[in-house]
Amino acid sequence: MDWTALWLSLRLAGWTVLILLPLSILLGRLLAYRRFRGKGFTEALIMLPLVMPPTVFGFYLLVAFGANSPVGGIWQSLVGRQLVFSFEGLVLASVVLNLPFAIQPAQRGFEAIPTEVREAAQCCGLSPLRSLLKVELPLAWPGLLTAMVLTFAHTLGEFGVVLMVGGSIPGETKTIAIAIYDRVQAFDDQSAAIMSAVLLAISLATISLTFWLSARVGRRLG
Amino acid sequence: MALDMSAKAAGPIPLDVSFRVAPGELMALVGHSGSGKTTILRSIAGLWTPAHANISVSGEPWLDTETGVDLPAHRRRVGIVFQSYALFPHMSALANVVAAMGHVPRRDKVDKAMELLSLVNLPGLEHRKPAALSGGQQQRVALARALAREPAALLLDEPFSAVDRATRQILYRELRALRSHLRMPTVLVTHDLEEARELADRIVVIEHGRLVRTGTTAEIMFDPAALRAMGLRDLVSVLPAAVEAHEHDGLTRLSTPAGQIWLPGLDASPGARVQVRIHAHEVIVARQRPQEISALNVLPAVVKGLAEGDGPGAVVRLDLAGHELLARITARSVHALSLEEGAPCFAILKSMAVARDDVQHDAS
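Residues numbered from 1 in each chain as written. Chains lettered and ligands numbered in written order. Predicted model: local features only at pLDDT ≥ 70, side-chain atom pairs only at ≥ 80, totals over all residues. Heavy atoms only, no water.

**Q** Sorry if this is basic, but what is going on with the interface of chain B and chain A here?
**A** Often the size quoted for an interface is simply the accessible area lost on bringing the parts together. Contacts between the two partners involve 22 residues from chain B and, on the opposite side, 19 residues from chain A. Here chain B packs against chain A, burying approximately 1,800 Å² in sum over the two surfaces, 64% of which is carbon and sulfur. The largest share of the area that chain B buries against chain A comes from His74, Phe88 and His90 of chain B, three residues that together contribute 33% of it. Our enumeration of links across chain B and chain A arrives at 1 salt bridge. (Contact = heavy atoms within 4.5 Å. Buried area = accessible area lost by both parts, 1.4 Å probe. Salt bridge = Lys/Arg side-chain N within 4 Å of Asp/Glu carboxyl O.)

**Q** Explain the pairing of strand β5 (residues 60-64) of chain B to me, please; I cannot follow it from the model alone.
**A** The side chains of a regular strand alternate, residue by residue, between the two faces of the sheet. Residues and elements named next belong to chain B. Here 4 bridges tie strand β4 (residues 52-57) to β5, and the two strands are oriented antiparallel to one another. In the strand pairing of β5, Ser56 is matched with Pro61. A loop of 2 residues connects β4 with β5, the two strands running antiparallel in sequence, and Ser58 in this loop sits at a positive phi of about 50 degrees. In this structure, β5 lies alongside strand β6 (residues 69-70), joined through 2 bridges in antiparallel fashion. (Pairing = 2+ DSSP bridges. Helix = DSSP H or I, 4+ residues; strand = E, 2+ residues; numbered from the N terminus.)

**Q** Can you help me understand the packing of helix α6 (residues 99-111) of chain A against helix α8 (residues 128-157) of chain A in this one?
**A** Two quantities define a packed helix pair, namely the angle between the helix axes and the distance between the axes. Residues and elements named next belong to chain A. One can describe the packing of α6 onto α8 by two numbers: an axis separation of 8 Å at closest approach and a directional angle of 155 degrees. Of the possible angle classes, the one that applies to α6 and α8 is roughly antiparallel. The handedness of the crossing between α6 and α8 is right-handed. Listed contacts from α8 to Phe101, Ala102, Pro105, Ala106, Gly109 and Phe110 of α6 are Leu132, Glu136, Leu137, Ala140, Gly143, Leu144, Thr146, Ala147, Met148, Leu150, Thr151 and His154. Grouping the constituent residues of the contact of α6 with α8 by class yields 12 nonpolar, 5 polar and 1 charged. (Axes fitted to C-alpha atoms, helices over the stretch in contact; angles between N-to-C directions. Parallel < 35°, antiparallel > 145°, perpendicular 65-115°, else oblique. Left-handed = near helix turned anticlockwise from the far one by under 90°. Nonpolar A, V, L, I, M, F, W, Y, C, P; charged D, E, K, R; others polar.)

**Q** Can you walk me through helix α5 (residues 165-178) of chain B in this structure?
**A** Since the α-helix packs 3.6 residues into each turn, any two residues three or four apart lie on the same face. Residues and elements named next belong to chain B. With 14 residues, α5 should cover 20 Å at 1.5 Å per step; its first-to-last C-alpha distance of 20 Å lies within 8% of that length. Inspection of α5 places Thr167, Arg168, Gln169, Leu171, Tyr172, Leu175 and Leu178 among the buried residues, and these make up the whole buried set. Those residues of α5 hidden inside the fold are in contact with β3 (26-30), α3 (106-119), α4 (135-148), β8 (153-157), α6 (193-199) and β21 (359-361). (Expected span 1.5 Å × (residues − 1). Buried < 20%, exposed > 50% of the residue type's maximum accessible area, 1.4 Å probe, protein only.)

**Q** Hey, could you run me through the sheet that holds β21 of chain B in this one?
**A** Strand pairing in a sheet takes place through backbone hydrogen bonds and is either antiparallel or parallel in direction. All names here are of chain B. One open sheet accounts for 5 strands, arranged β14-β13-β12-β15-β21; its pairing is antiparallel. The sheet is open, and its two borders are formed by β14 (259-264) and β21, each paired with just one other strand. The sheet shows a mean angle of 40 degrees between the axes of neighbouring strands, taken without regard to direction. One ladder, built from 6 bridges, connects strand β13 (residues 251-256) with β14; its direction is antiparallel. Residue pairing for β14: Thr252 is matched across the bridge by Leu263.

Following this line, the structure appears as structure tokens:
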């Protein structure tokens, strides 16, 4: 059992969720409420990671994060480390990769709030921030929860992109999914089986938690 | 504390209006759907900005496209009741009202909210969520929430359209009673002339974003242009009656102040008091009591007033023993029968022209 890899995966998933939560509130809300030029294109762009082969996606990220690219260059001059094959690079890749899993459900969550309810919040004198906190978030919360659970679970299981961008450096970029692959390659079926079972248990627990929470929300609104 | 508004816009919803609502006055904006009446209301609330507009309440400018003043919706002191009520579904009735009390000190909020809920006749239900309230109860919560802000202008957007007719009558009565507490200008948007007549001090008829006619109910009802803008089917008069007996052929006999009438069988026991809605285009007018006619209901009447339009139609106001009955007939018939004020005549109404839905049981 590779505890380091498991801990790394959990940290990666945690950071991804932490970064994507505010981002999905911001972008999900924007896409749900506003009409603007290029909205369809933006939505398509966000969905792109869903349909692209992980290796192709990983390859482009590798190029984008390289020291010769703008993103990689700026990162290197700021932090003094390269972005590829680092935990930070993995987090960034994971954030981009999970955009569709986070933003889509968040957008649907905000879209489910009737326009008149949002307008009523304004007409009750609630500022945009107070309207977000008191009315919109409590109502869009099932969508946001789904978004975060999907992101978390998906990050734990991601393999292709992580391998491309991160390599397999123990304690830095070797996630549990890669560790399992590693063990299978080494004919260590027992370790692979234990780690797979742990991953399965975590996935099952997260999904159950979501269902339990949304059932509670459903009762609260009923 | 008056509300002044003028607005001009070419599209997407054309607007060209200008009006003032006095403090304590209830003005009804009446028109078809798509006439622009809701857009006017939304402009006042700050949910829509016409291309050129000037809106001020109590002398405070809310919107002036000339000078660039545009107060955001949450800073305009309006109370609004939406057609769908738009209550916050995750909050109790009480919390909904409290949500609009940003200006009230924290410790006074609950007391004030309870006061408002009892003002709108909703005691004991303050901890229920909107989903556990009936349509009429939700409407009362929405009204209490609108008043909770101590609004400088009260806006009602078809607030009665989602409840059944009996509840609507009760809510009308409550709103009329409530109005003695209200000193702000109120704008009611409705497509129902009867509702406007029940509640409003003044009616503004609107069509294609323009004010067609402004006046009291009586004035509006006799303006052909206004009637056209509203659709003639809205012309309805109400006759009080009492159930006398259910007859063996399925008809119910009722007595009205002007005489007996027969209607298709009603679900009311003898003695029950009802209100019969009579559509003006279903009424026939005759100068002499007709003989051998299939219509069962012939009531003596006196012509009280007349209004002819530019078209072939006319409205005759009949006096039936002190009650007003409206008849839509052709201008040709008006002349052929020489109907003029004071002329005695007979109002004829087919029994089958009164739908069961048109008879409403008196609540009191």
